[in-house]
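Observations on chain architecture
Chain residues, written in single-letter form:
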Amino acid sequence: MKILLYNPDNGVTRNFMPHLWMFLLQALTPPGHEVVLVDGNAQPMDEEGIARYVREHNIGLVGIGAMTRMIAKAYRMADAVRAAGVKVVMGGPHVTEMAEEALGRDGGSRHSDAVALGEADETWPRIVEDAARGSLKDVYAPVDDFGQERKPSLQPYPEIPWDKIKLDQFNLLPGILHPLLKRVGAGWGTFRIIPVESGRGCPYGCEFCTVTGFFGDSIRFRTNQSVVNELLLLKARAREEGGQIAVFFIDDNFAINVKRTKSLLRDIIAANAQVHWVAQISANLLRDEELVDLIAAAGGKWIFIGMESIDPTNLAAVKKGFNKPGEYAVVLERLAQRNVFAITSFIFGMDNDAPGVAERTLKEIRSWPAGLPIFGLLTPLPATPLYKRLEAAGRLTRPKHWQEFIPFAMAHTPLKMSIDEAHNEVRIGWANSYSPEAIEKAVDSLNHKPLGYRINILIARLCFRGIYFPQMGRFAWVKTILENRCTILKLIRQGFGAGLDTAVPSVATEPVTEQTH
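Heads up: these notes are all about the structure in this document. (Residues numbered from 1 in each chain as written. Predicted model: local features only at pLDDT ≥ 70, side-chain atom pairs only at ≥ 80, totals over all residues. Heavy atoms only, no water.)

A separate point is helix α16 (residues 419–434). For α16, which comprises 16 residues, the first-to-last C-alpha distance of 23 Å matches the rise-based estimate of 22 Å (1.5 Å per residue) to within 8%. Restricting attention to buried positions, one finds in α16 the residues Ala422, His423, Glu425, Val426, Gly429, Trp430, Ser433 and Tyr434. In an axial view of α16, the angular spread of the buried residues amounts to 155°, which keeps them on one side of the axis. Exposed residues on α16 whose side chains face more than 90 degrees from its buried face are Asp420 and Arg427. (Helix = DSSP H or I, 4+ residues; strand = E, 2+ residues; numbered from the N terminus. Expected span 1.5 Å × (residues − 1). Buried < 20%, exposed > 50% of the residue type's maximum accessible area, 1.4 Å probe, protein only. Arc of directions from axis to C-beta.)

Turning to the sheet that holds strand β7 (residues 191–196), a few remarks are in order. Backbone-to-backbone hydrogen bonds pair the strands of a sheet. The strands run either parallel or antiparallel. The six strands lie next to each other as β7-β10-β11-β12-β13-β14, forming an open sheet whose pairing is parallel. Of all strands in the sheet, those bounded by a partner on one side alone are β7 and β14 (372–377). Averaged over all pairs of adjacent strands, the angle between their axes in this sheet comes to 20°, without regard to strand direction. Pairing of strand β12 (residues 300–308) with strand β13 (residues 341–348) involves six bridges; the strand directions are parallel. The residue of β13 that forms the bridge with Ile305 is Thr344. Across the sheet, α16 touches β13 and β14, and the angle it forms with β14 is around 165°. (Pairing = 2+ DSSP bridges. Axes fitted to C-alpha atoms, helices over the stretch in contact; angles between N-to-C directions. Contact = heavy atoms within 4.5 Å.)

Within this structure, the stated rule accounts for 37 salt bridges. For Arg150, the salt bridge identified is with Glu122, shortest N-O distance 2.7 Å. Of the two residues, Arg150 sits in the loop between β6 (139–140) and α7 (178–184) while Glu122 sits in the loop between β5 (114–116) and α6 (124–133), which places them 28 residues apart along the sequence. Using a relative accessible area of 27% as the deciding quantity, one classes Glu122 as partly exposed. With its nearest N and O atoms 2.6 Å apart, the salt bridge here joins Glu289 to Arg338. Remark: Arg338 occurs in the loop between α13 (328–336) and β13 and Glu289 occurs in helix α11 (residues 289–297); sequence separation between them is 49 residues. (Salt bridge = Lys/Arg side-chain N within 4 Å of Asp/Glu carboxyl O.)

A word on the nonpolar core. Trp277, Ile303 and Ile305 are the most contacted members of the largest nonpolar core, which totals 112 residues. Aside from chain neighbours lying at most four places away, what touches Ile303 is Trp277, Ala279, Ile281, Leu286, Ile295, Leu335, Val340, Phe341, Ala342 and Ile343. In terms of nonpolar packing, the next biggest core, distinct from the first, is built from 39 residues, Val38, Val62, Val88 and Val95 among them. (Core = buried A, V, L, I, M, F, W, Y, C linked by side-chain atoms within 4.5 Å.)

With that settled, the discussion passes to a nonpolar patch on the surface. Together, Leu489, Ile492 and Phe496 make up a nonpolar patch on the protein surface, roughly 310 Å² of accessible area in all. By the element assignment, Ile492 lies in helix α20 (residues 485–497). (Patch = residues over 30% accessible without salt bridge, like charges linked within 9 Å, V, L, I, M, F, W, Y side chains within 5 Å. Areas by Shrake-Rupley, 256 points an atom, 1.4 Å probe, with all protein chains shown as cover.)

Now for the packing of helix α10 (residues 258–270) against α11. Packing of α10 against α11 brings their axes to within 9 Å, and their N-to-C directions diverge by 30°. Taken together, the axes of α10 and α11 lie roughly parallel to each other. Here the hand of the crossing between α10 and α11 comes out left-handed. Touching Thr261, Lys262, Leu265, Arg266 and Ile269 of α10 are Glu290, Leu291, Leu294, Ile295 and Ala297, all from α11. Residue classes in the contact of α10 with α11 are distributed as six nonpolar, one polar and three charged. (Parallel < 35°, antiparallel > 145°, perpendicular 65-115°, else oblique. Left-handed = near helix turned anticlockwise from the far one by under 90°. Nonpolar A, V, L, I, M, F, W, Y, C, P; charged D, E, K, R; others polar.)

Right, let's talk about helix α15 (residues 385–392) for a bit. Looking at α15, one finds that the buried residues are Leu386, Tyr387 and Leu390. Viewed end-on, α15 has its buried residues packed into an arc of 100°, placing them on one side of the element. Facing away from the buried side of α15 by over 90 degrees, the exposed positions are Lys388 and Ala392. Just downstream of α15, Gly394 is the residue with a positive phi angle, here 70°.

What follows covers the sheet that holds strand β3 (residues 61–65). Spatially, six strands are ordered β2-β1-β3-β4-β5-β6 in an open sheet, and the strand pairing comes out parallel. Lying at the two open borders of the sheet, with one neighbouring strand each, are β2 (34–39) and β6. Running over the sheet, helix α2 (residues 47–56) touches β1 (2–7), β2 and β3 and is turned about 160° from β1.

A few words now on unusual backbone geometry. Here Gln155 and Pro156 are connected by a cis peptide whose omega angle stands at 0°. By the element assignment, Pro156 lies in the loop between β6 and α7. Its identity as a non-glycine residue notwithstanding, Asn272 has a phi of 55°, on the positive side. Note on placement: Asn272 falls in the loop between α10 and β11 (276–280). The backbone of Phe408 sits at a positive phi, close to 55°, despite the residue not being glycine. Checked against the element boundaries, Phe408 lands in the loop between α15 and α16. Looking at Phe408, the relative accessible area reads 31%, which means it is partly exposed.

Structural data, given as structure tokens:
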């Protein structure tokens, strides 16, 4: 049987990193089946396109995984595949919580022939074999002999053959640049951001987050050697291709067990397995000086920090009181001193937010080392404690907001401002952080560092515009480049003056947690 694993885009924002679940399920597929991967962010498709694809490639089963922000597009694509006569199995955080919706048992249309609940490491091989026999069941859940949910151990961990997988669709460098970059011989024939996990689960249970509900509150880790081997494989592939690879550790909190994280980082250093990487770590864990030293020595370049708010009252209300806003500046300075920079995430529309929250937050951000601030709205995702609280209080304005994805649009009424005012606060945050003036200021703030760091912050900020703004058309990108031409030309002149020794560290990418979008 030929199997298509498809990850949809949401049709608006853009993710530059492929999703790990596709590669994992490909590695877990029983022998005798062929698996092809399509990521909608890298290979845009509409309903007609995916229907034509499954017919022309003789696909026998399509697996679709999606977060809430992608689910509307996922359902449309699944409907098109089923109309073409091909079976569909769906999974992921949204489908796990809303299985009745996917199966059409809530009064709506049926979108999927089967659903995989929770982590599919154990159930995927059964799904494939049942589909091959024509006996696909409606629901697959990882349970033990007593009917209790069973979380998969990450020891042993499936070996993903990164040296053999076709990754052409995930090359971030525009095709027009390939000949030039290869001629320069700077090792930029390709550039890919690859997802790697070292553990799953989070014990914090923040009110708005889906992670604890999906992966559980007990942490499971891979062996250090397994992670090191994967990094060495990726590093070797990049070298053979004459390209670059950066890794995004998609653990929901990479340093949740600091002792274990330190041991992993030491093993990475000892094996010379360093690649440039990004990871998600909460601010409270970055108080540890030795941890930050090891992060830098092991190849860490960007750390995603879910700060959420500069207001302790807000943080306590969403069960994230372990974040201490008074420590933010010290943590960011500690990272920057080691040439590690931060992606700082903020959520507006919390219960103690009032008009002006964006400017109050921006005032703090301007006092910190240059980084990548991102802004979103508090979003009640299905089955989270936040959703249940707002539903009980009658505050949901779009109870099924996922049926039509609207970026930066609230689905409930804030307490101290209107919905329109909350939307405006997010616009202020983005406009003041990613305007040409703000980008130039961020670049200039690194004048005391090698040129590569200034190029890095420029590219990263432009990429984040591409992720979060609907401007993926060629004209929009040309306009953005022209708007930032003064900064770009300044860096080019500095590059020639420095003999083009830029040593660009890496480009950051989108975090993977649901709520941050």
